[in-house]
Amino acid sequence: MYFKQFYLGCLAHASYFIGSEGEAAVVDPQRDVEQYLAEAEALGYRIKYVVETHLHADFVSGHRELAELTGAEIVFGKEAGALFPHLAVSDGDELKIGTTVLRFIETPGHTPEGVCVLISETGDSESPRKVLTGDTLFIGDVGRPDLAGSRGYTTEQMAGLLYESLRSKLLTLDDDTEVYPAHGAGSMCGRNISKETSSTIGQQRRFNPALAPMTKDDFVRMMTTDLSPAPQYFSHDAELNRVGAPALGELPRPRAMKPAEVFSHLRDENCVVLDVRTAAEFGAYHASGSLNIGLSGQFASWAGVLIPHGSKLVIVANDEAQVGEAVKRLARVGLEPVEGFLTGGKEVWQEEEFEANMVTQIAVDELHDFLEEGHPVQVLDVRRPAEYAGGHVPGARLVTLSDLATHSLDDLDPGLYVAVICAGGYRSSAATSILARRGFRHLYNVTGGTSAYVEAGYPVEKSEEA
């Protein structure tokens, strides 16, 4: 058996290619499918099945395009209700690719239609070597249970189903069964997912807090307490996956724009001018009112969170290669089409004398000195509550990046400097662009973030709750 994990850091997403004797299956594919086609061609495999563990909400799948290009059959759990031809599978159903058996178990809880895929060799399907757990079981975590409200389920009902799926199905597997989930650290489908991208049932039984011995009531309480709101794009992407997204090549291409046209879009409240350059480049010079989400980090996830669905999109980048990469990554979360783009450095704006802005980048040493010397600087931490609780700059106020555009900032004085900090300087740069749009003019972006602050040996505060 040939087995390969494809890991997409931009979305913390894992997909899988399984092959045997000239046949293959792809599980949970990302929207751009070229890598699976290239893998099949290089190895001489025919892709026979495209399997989805559930209707993904955090990204748009390429299942429909991949099936059309290869003649593969799309496979979903029977509760998915997908609106295109597909094979609906139930508990115990098996599919074969060469001498490899894919056996399905229904594992509702994260979503009603969720399935896991047990992988074994012919004649030994009762002793699987691997299990693809989708968003049911992560490494160190389990899937959030609050995404099915629009389908008639309460969060508590889904958490109860998840408890049963984990205990009565996945935890009955042998300890040495290898576990391969659909997401890693940074995914918003869980709360505290590990950076590891695979494990075993035995390791998860010992170290995953959600699998510790507890009653069903205690599990439901744990899974439904302090859940952050699901990103607004989740429901859109899940429905797009139910219908089947168009091929990326069918999307209209953005057109080059002059600064005057981009400037006019900045005044359109339904348009987002998205600057995809690094925090340092954005800080040095950028169009006033633009939003910074750098391509260097978890760009697609944060774009989905911070950009309202249905917005007109214009990209600001260094060159057309960056524009193309941004367009592809935006499409992965259903943000399409992009109307236009502007490329080039600050000279482009300076030539036209349009309004531009700057954000001063400061190191953690400078921030520490400011605080020690009593400078009137306000510290805003934009990480997630669990990160903040684990250690933050003394006196820092918490407003998670995903909440910043709408959260009350009455206790921040826009007349004083605000030093924005995250883990490393990526999210904080996005936050400065949002604060600027809310009228804050005196901003610092703390490079290196809390990680550098801790490494420098400066004291931090910890809290039981954020």
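Presented here is an overview of the structure given in this document. Sequence positions are assigned chain by chain, starting from 1 and proceeding in written order. Residue-level local features of this predicted model are given only where pLDDT is at least 70; pairs of side-chain atoms are given and counted only at 80 or more, and the full residue set underlies all totals for whole chains, interfaces and linings. As a rule here, side-chain values cover all heavy atoms of the structure and leave hydrogens and water aside.

1. A short note on the overall build of the protein chain
Alright, step 1. Only runs of H or I of at least four residues qualify as helices and only runs of E of at least two qualify as strands under DSSP, and these elements are numbered from the N terminus. Along its length, the protein chain carries 15 helices and 24 strands.
Alright, step 2. For the radius of gyration, the atom set is restricted to C-alpha positions; the globular benchmark scales as 2.2 Å times the number of residues to the power 0.38. For 466 residues, the compact-globule estimate of 2.2 N^0.38 gives 23 Å, and the protein chain sits close to it at 23 Å.
Alright, step 3. Burial here depends on accessible area, computed with a 1.4 Å probe over protein chains only, as a share of the maximum for the residue type. Under 20% is buried, over 50% is exposed, and the range in between is partly exposed. Buried residues in the protein chain amount to 55% of all 466 residues.
Alright, step 4. Sequence-distant contacts in the protein chain: of pairs separated by 6 or more residues, those separated by 24 or more amount to 69%.
Alright, step 5. Accessible area of the protein chain: about 19,100 Å², with a carbon and sulfur share of 48%.
Alright, step 6. A gap of 2 Å separates the mean positions of the 39 positive and 67 negative side-chain charges of the protein chain. Contacts are residue-level and defined by heavy atoms, with any inter-residue pair within 4.5 Å sufficient. Residue exposure ignores everything except the shown protein chains as possible cover, and the areas themselves are Shrake-Rupley values with a 1.4 Å probe. For the purpose of charge, His is not counted, nor are the chain termini; Lys and Arg are scored as positive and Asp and Glu as negative. Every charge is mapped onto a representative atom, which is NZ of Lys, CZ of Arg, CG of Asp or CD of Glu.

2. Describing the pairing of strand β1 (residues 2-8)
Alright, step 1. With 7 bridges connecting them, β1 and strand β2 (residues 13-20) associate as antiparallel partners. Paired with Gln5 across the two strands is Tyr16, which belongs to β2. In this description, strands pair whenever DSSP reports at least two bridges between them.

3. Comments concerning helix α12 (residues 364-372)
Alright, step 1. Along α12, the residues that are buried comprise Val364, Leu367, His368 and Phe370. Angular distribution of buried residues about the axis of α12 spans 160°; they occupy a single face of the element.
Alright, step 2. Looking at the packing, one finds that the buried side of α12 touches β20 (360-362), β21 (377-381), β23 (417-421), β24 (443-446) and α15 (449-455).
Alright, step 3. Just downstream of α12 lies Gly374, where phi reads positive at about 80°. This arc corresponds to the set of directions leading from the helix axis out to the C-beta atoms.

4. Overview of the sheet that holds β23
Alright, step 1. With parallel pairing, 5 strands are arranged side by side in an open sheet as β20-β24-β23-β21-β22. Whereas interior strands pair on both sides, the edge strands pair on one side only; in this sheet they are β20 and β22 (397-398).
Alright, step 2. Taken together, the 2 bridges between β21 and β22 define a ladder with parallel strand orientation. Paired with Asp381 across the two strands is Leu398, which belongs to β22.
Alright, step 3. Against the sheet, α12 makes contact with β20, β21, β23 and β24, and its axis sits at roughly 85° relative to β20, the strand it touches most.
Alright, step 4. Against the sheet, helix α14 (residues 426-437) makes contact with β21, β23 and β24, and its axis sits at roughly 170° relative to β24, the strand it touches most. Orientation is described by lines fitted to C-alpha atoms, with helices fitted over the stretch in contact, and by angles between N-to-C directions that extend from 0 to 180 degrees.

5. Describing the pattern of salt bridges
Alright, step 1. We define a salt bridge as a side-chain nitrogen of Lys or Arg found within 4 Å of a carboxyl oxygen belonging to Asp or Glu. The final tally for this structure, using the stated rule, is 25 salt bridges.
Alright, step 2. We note a salt bridge from Arg221 to Asp218, for which the minimum N-O separation is 2.7 Å. Placement of both Arg221 and Asp218 in helix α5 (residues 216-224) is noted, with a separation of 3 residues, approximately one turn of the helix.
Alright, step 3. With a shortest N-O distance of 3.5 Å, Glu325 and Lys328 are connected by a salt bridge. Note that Glu325 and Lys328 are positioned in helix α10 (residues 320-332) at a spacing of 3 residues, about one turn of the helix.
Alright, step 4. Judged by relative accessible area, Glu325 falls into the partly exposed class, the value being 25%.
Alright, step 5. Judged by relative accessible area, which is 29%, Lys328 ranks as partly exposed.
Alright, step 6. What you see here is one network of salt bridges that share partners, running through Glu23, Arg46 and Lys48.

6. Concerning the pairing of strand β3 (residues 23-27)
Successive residues of a regular strand alternate their side chains across the two faces of the sheet.
Alright, step 1. Of all 5 residues making up β3, 5 are buried, and the element is well covered by its neighbours.
Alright, step 2. Here β3 shows no split at all, with Glu23, Ala25 and Val27 on one side and Ala24 and Val26 on the other all buried.
Alright, step 3. Pairing analysis gives 5 bridges linking β2 to β3, with the strands arranged antiparallel. Bridge assignment links Tyr16 to a residue of β3, and that residue is Val27.
Alright, step 4. Connecting β2 to the next strand, β3, in antiparallel fashion are 2 residues, including Glu21 with a positive phi near 50°.
Alright, step 5. Pairing geometry for β3 and strand β4 (residues 46-51), over 5 bridges, is parallel. Across the sheet, Val26 pairs through a bridge with Val50, a residue of β4.

7. Describing a negative patch on the surface
Alright, step 1. Each patch is built from salt-bridge-free residues with over 30% relative accessible area, joining like charges within 9 Å and nonpolar side chains (Val, Leu, Ile, Met, Phe, Trp, Tyr) within 5 Å. There is a patch of like negative charges on the surface, built from Asp365, Glu366, Asp369, Glu372 and Glu373.
Alright, step 2. Along the chain, Glu373 falls in the loop between α12 and β21.

8. Overview of α14
Alright, step 1. Taking 1.5 Å as the rise per residue, α14 with 12 residues should run 16 Å; its terminal C-alpha atoms sit 18 Å apart, in good agreement.
Alright, step 2. Counting buried residues in α14 gives 10 out of 12 residues, a clear majority hidden from the surface.
Alright, step 3. Of the residues making up α14, those classed as buried are Arg427, Ser428, Ser429, Ala430, Ala431, Thr432, Ser433, Ile434, Leu435 and Ala436. Take the number of residues in a helix, subtract one, and multiply by 1.5 Å to get its expected span.

9. Quick word on the sheet that holds strand β12 (residues 199-200)
Alright, step 1. Read from one edge of the open sheet, 6 strands run β7-β8-β9-β10-β11-β12, paired in mixed fashion. Lying at the two open borders of the sheet, with one neighbouring strand each, are β7 (94-97) and β12.
Alright, step 2. Two elements, strand β8 (residues 100-106) and strand β9 (residues 115-121), share 7 bridges in a ladder whose sense is antiparallel. Its bridge partner lying in β9, Leu102 is registered against Ile119.

10. Brief notes about the packing of helix α3 (residues 155-168) against α5
Alright, step 1. Running from N to C, α3 and α5 point in directions that differ by 125°, and their axes come no closer than 9 Å. Considering the angle they form, α3 stands oblique to α5. The two elements α3 and α5 meet at a crossing, and its hand is right-handed. Residues Thr155, Glu156, Ala159, Gly160, Leu162, Tyr163, Glu164, Leu166 and Arg167 of α3 touch α5, and the partners they reach there are Lys216, Phe219, Val220, Met223 and Thr224. When an angle is under 35 degrees it counts as roughly parallel; over 145 it counts as roughly antiparallel; between 65 and 115 it counts as roughly perpendicular; any other value is oblique. Each crossing gets its hand from how the near helix is turned against the far one by less than a right angle, where anticlockwise is left-handed and clockwise is right-handed.

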